[in-house]
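Read off the chains here:
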Amino acid sequence: MCLEIRKTCKCGKNDAQFHMRDNVLSQKVIAELYCPECSNQAEFNPDTMLGDNDWIIEYDMDLARFMTVSKLMLEPEAVRPGYLFDSGYACWLEMYPGEKQDILEERTEIMGLQKTDPTRYLQEISSWNIARIERLKADGWRKAMAA
């Protein structure tokens, strides 16, 4: 079972859903979230923060180290913001915040083919998904880069 949480950014205008892999970490590990509108308020500290396309996640690294060392038997120095995000222990639920809504809007036209031309639908949805991942990689989204 994985814990899913939602966090509102510092300015209160945006929020993001987070995936907390295997419930290793608690939601308190995500100390603060800065969206593109308020990320300029954050003094970026690479020891506690991770940047992803103008979004900044600030982690409580003391808590993260305590939990990962005790549960995963990791060396404390191995636990860094990039490790927490890239390993899925505290990362976006989606490839980027708001992806679910964007996907619904993008694939509405393709979904119409599902009933009228199932073969073409499968071709179109596959091509769309591949192109979408490539676009997200080009845009620099961290999770997409690992896909």
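This report concerns the structure included in the present document. (Residues numbered from 1 in each chain as written. Predicted model: local features only at pLDDT ≥ 70, side-chain atom pairs only at ≥ 80, totals over all residues. Heavy atoms only, no water.)

## A few points about the packing of aromatic side chains
Applying the stated criterion across every chain yields a total of five aromatic pairs. Pairing F18 with W92 gives two aromatic rings, centres 5.2 Å apart and planes at 35°, and the pair type is tilted. Residue F18 is located in strand β2 (residues 15-20), and its partner W92 is located in strand β6 (residues 91-92); the two are separated by 74 residues in the primary sequence. With respect to burial, F18 and W92 carry one shared label: buried. With 6.0 Å between their ring centres and 85° between their planes, F85 and W92 make a pair best called edge-to-face. When sorted by exposure, F85 lands in the same class as W92, which is buried. Within the aromatic cluster, the residues linked to one another by ring pairs are F18, W55, F85 and W92. The ring centre of W128 lies 5.3 Å from the NZ or CZ of R132, which sits over that ring. (Phe/Tyr/Trp six-rings, centres within 6.5 Å; stacked < 30°, edge-to-face > 60°. Helix = DSSP H or I, 4+ residues; strand = E, 2+ residues; numbered from the N terminus. Buried < 20%, exposed > 50% of the residue type's maximum accessible area, 1.4 Å probe, protein only. Lys NZ or Arg CZ within 6 Å of the ring centre and 35° of its normal.)

## Some thoughts on the state of the cysteines
Under the defined criterion, the tally for this structure stands at zero disulfides. Sulfur of C9: no disulfide; nearest cysteine sulfur belongs to C11 and is 3.5 Å away. According to the relative accessible area criterion, C9 is buried, its value standing at 4%. (Disulfide = S-S within 2.5 Å.)

## Topic: the pattern of salt bridges
For the structure shown, the criterion picks out ten salt bridges. We note a salt bridge from R6 to D15, for which the minimum N-O separation is 3.1 Å. (Salt bridge = Lys/Arg side-chain N within 4 Å of Asp/Glu carboxyl O.)

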